[in-house]
Amino acid sequence: MVVVMAPEATQEDVNAIVQLVQAAGGEAFVSRGVSRTIVGLVGDVDEFGALNLRSRAGVVDVVRISVPYKLVSREHHRNRSVIRVGGVPIGPDTMTVIAGPCAVETAEQTLTAARMAKAAGASLLRGGAFKPRTSPYAYQGLGEAGLKILAEVSAETGLPVVTEVIDPASVELVASYADMLQVGTRNMQNFALLQAVGSAAKPVLLKRGMSATVEEWLMAAEYIAQRGNLDIVLCERGIRTFETGTRNTLDISAVPVAQRLSHLPVIVDPSHSGGRRDLVVPLTRAAIAVGADGVIIDIHPEPKLALCDGDQALVDSDIRELASVAAHLPPLVGRTLPPPGPAQPGAGAAPARAATAVS
Ligand code: PEP
Ligand code: MN
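Owing to the predicted nature of the structure, the values given are computational and were not obtained by experimental measurement.

Trainee: So what exactly am I meant to see when it comes to the packing of helix H7 (residues 214-226) against helix H8 (residues 254-261) here?
Mentor: Describing two packed helices takes the angle between their axes plus the distance from one axis to the other. One way to put it is that H7 packs onto H8 with a least axis distance of 11 Å and a crossing angle of 50°. With respect to their mutual orientation, H7 and H8 come out oblique. Between H7 and H8 the crossing geometry is right-handed. The segment H7 lies against H8, with Val 214, Trp 217 and Leu 218 engaging Ala 254, Val 257, Ala 258 and Leu 261. A breakdown of the residues in the contact of H7 with H8 according to their chemical character gives seven nonpolar, no polar and no charged.

Trainee: Would you mind showing me how to read the site of ligand 1 here?
Mentor: Near ligand 1 the following residues occur: Cys 102, Arg 126, Lys 131, Glu 164, Gln 182, Gly 184, Thr 185, Arg 186, Lys 207, Arg 237 and His 272. At 2.8 Å, a backbone N or O of Thr 185 approaches an oxygen atom of ligand 1. Between ligand 1 and the protein, one listed contact pairs an oxygen atom with a side-chain N or O atom of Arg 186 at 3.1 Å. For ligand 1, whose free accessible area comes to 300 Å², the fraction covered by protein is 97%. Residue classes in the shell around ligand 1 are distributed as one nonpolar, four polar and six charged.

Trainee: Would you mind going over the coordination of the manganese ion (ligand 2) with me for this structure?
Mentor: For the manganese ion (ligand 2), the full set of protein donor atoms is Cys 102 (SG), His 272 (NE2) and Asp 309 (OD), at a range of 1.9 to 2.3 Å. Each donor residue of the manganese ion (ligand 2) belongs to the same chain, and together they define the spacing C-x169-H-x36-D. Residue His 272 is located in helix H9 (residues 270-274), and its partner Asp 309 is located in the loop between strand E14 (294-298) and helix H11 (316-332); the two are separated by 37 residues in the primary sequence.

Trainee: Before we go on, may I ask you to explain the state of the cysteines in this structure?
Mentor: Two cysteines joined by a covalent bond between their sulfur atoms form a disulfide. Counted according to the given criterion, the structure contains zero disulfides. Unpaired in this structure, Cys 235 has its nearest cysteine sulfur neighbour in Cys 102, at a distance of 12 Å. Exposure remark for Cys 235: the relative accessible area of 0% places this residue in the buried category.

Trainee: Honestly, the sheet that holds strand E4 (residues 59-63) in this entry has me stumped. Any pointers?
Mentor: Strand-to-strand pairing in sheets goes through backbone hydrogen bonds, with the strands running parallel or antiparallel. Across the sheet, four strands lie side by side as E2-E3-E1-E4; this open sheet has antiparallel pairing. Only two strands of the sheet have a single neighbouring strand rather than two, namely strand E2 (27-32) and E4. Here the strands of the sheet are splayed against their neighbours by 20° on average, with no regard to which way each runs. The pairing of strand E1 (residues 2-5) with E4 spans four bridges and is classified as antiparallel. Paired with Val 4 across the two strands is Asp 61, which belongs to E4. Sheet strands touched by helix H1 (residues 11-23): E1, E2, strand E3 (37-42) and E4. Its angle to E2, the strand with the most contacts, is close to 155°.

Trainee: What's the story with the pairing of strand E9 (residues 161-164) in this structure? I'm lost.
Mentor: A regular strand carries its side chains on alternate faces of the sheet. Of the two faces of E9, both are covered, the one formed by Val 161 and Thr 163 as well as the one formed by Val 162 and Glu 164. Bridge analysis of strand E8 (residues 124-126) against E9 gives two bridges, and the strand direction is parallel. If you follow Arg 126 over to E9, its bridge partner there is Val 162. Note that E9 and strand E10 (residues 180-183) share three bridges and pair parallel. By the bridge assignment for E10, Glu 164 is matched with Gln 182.

Trainee: Looking at this structure, how should I read the domain arrangement of the protein chain?
Mentor: Many descriptions give the size of an interface as the accessible area lost when the pieces come together. In terms of domains, the protein chain is made up of domain 1 (2-63) and domain 2 (83-354). For domain 1 and domain 2, the distance between their C-alpha centres works out to 33 Å. Each partner contributes to the interface: domain 1 provides seven residues, whereas domain 2 provides nine residues. Of the roughly 630 Å² buried between domain 1 and domain 2, counting both surfaces, carbon and sulfur atoms make up 56%. Three residues, Phe 29, Arg 32 and Val 34, lead the burial of domain 1 against domain 2; their summed loss comes to 57% of the area buried on that side.

The rules behind the values
Residues numbered from 1 in each chain as written. Chains lettered and ligands numbered in written order. Predicted model: local features only at pLDDT ≥ 70, side-chain atom pairs only at ≥ 80, totals over all residues. Heavy atoms only, no water. Axes fitted to C-alpha atoms, helices over the stretch in contact; angles between N-to-C directions. Helix = DSSP H or I, 4+ residues; strand = E, 2+ residues; numbered from the N terminus. Parallel < 35°, antiparallel > 145°, perpendicular 65-115°, else oblique. Left-handed = near helix turned anticlockwise from the far one by under 90°. Contact = heavy atoms within 4.5 Å. Nonpolar A, V, L, I, M, F, W, Y, C, P; charged D, E, K, R; others polar. Near = heavy atom within 4 Å. Polar contact = N/O pair within 3.5 Å; in protein donor to acceptor, adjacent residues only side chain to side chain. Areas by Shrake-Rupley, 256 points an atom, 1.4 Å probe, with all protein chains shown as cover. Donors = N, O, S within 2.8 Å, 3.2 Å for Na, K, Ca; no water. Disulfide = S-S within 2.5 Å. Buried < 20%, exposed > 50% of the residue type's maximum accessible area, 1.4 Å probe, protein only. Pairing = 2+ DSSP bridges. Domains from an automatic or database assignment. Buried area = accessible area lost by both parts, 1.4 Å probe.

Pasting the structure below:
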């Protein structure tokens with residue numbers, strides 16, 4: 001069961017709901033998004049019915065949810081959500097391009113890639129400072145030095161930053177530099193990490209596990225929402241199949257499937273799904289046509305020298321084609337390309353959200 005609070009509901013209104021539910025022997029999880037606060041209830045539905053929650057101050061609706069992911073379900077939220085990253089919207093009316101290097105290697109490489117990203121129509125910059133690599137001998141990223149480079153490049157280009165966090169202990173550090181925290185495919189079911197980003201005051205980009213079902217993916221998002229953070233964007237990045245012609249198989253149907261089940265925005269990563277430069281623009285076209293809310297794309301000024309995923313990085317000569325696709329296709333499906341957002345270098349530092357139930 002989910003209690004939907006009015007936009008003007010006060011903290012006292014929310015607290016009153018939590019207290020009523022707890023007094024009835026239930027649990028209440030408060031989750032805050034950009035435009036609304038919702039309270040997820042766990043316990044005896046009949047007991048909750050007797051509380052007459054719909055008539056309480058600040059309550060707009062009380063909805064019984066038939067699926068196991070409650071807070072991220074579309075059953076209580078018919079309109080699809082818009083998530084803002086450093087002011088840049090990701091949602092049903094826009095087609096947001098996130099682009100940049102797979103990994104931050106040097107300040108110069110990151111700045112050049114960011115300029116290429118901007119020329120291609122990107123409004124957000126991607127780049128990994130902490131890299132979760134399959135091999136322990138592969139490049140692991142620059143760590144905090146990489147975050148500093150991202151913040152400088154963000155200030156220089158005006159592009160807010162999306163970057164990966166790979167363990168709970170570094171969430172605070174990454175959140176102090178980044179505008180959006182990325183949870184990668186290998187960590188989709190790292191529940192401690194999901195809970196940690198759920199308590200952070202930054203939006204989260206949750207990639208689909210490479211062997212996860214859509215339901216498992218939404219349950220992972222529910223872990224984040226249950227800790228209080230409803231600013232989540234889902235990312236389809238290809239799944240494991242028998243096919244070896246591509247690095248992964250882009251599950252294009254997962255986009256509308258997830259959008260029908262959840263109110264959260266869904267974007268596509270055409271770089272990690274295909275794993276090949278020549279597939280990135282075609283898969284971007286497919287993502288726009290299927291109704292994705294954005295794409296996240298690898299770019300590198302010199303992919304032959306890339307320390308990570310050079311084969312799938314777009315180069316200078318690809319930028320014009322990507323820019324043309326980004327400019328022309330979204331309007332055909334009723335979407336606009338957001339302009340680059342105001343840079344918020346090192347903005348972080350916002351106080352972490354109160355975790356779980358409001359007391
Ligand atoms: C990435 O985006 O840099 C990345 C590692 O992606 P994934 O988690 O999808 O493999
Ligand atoms: Mn990569």
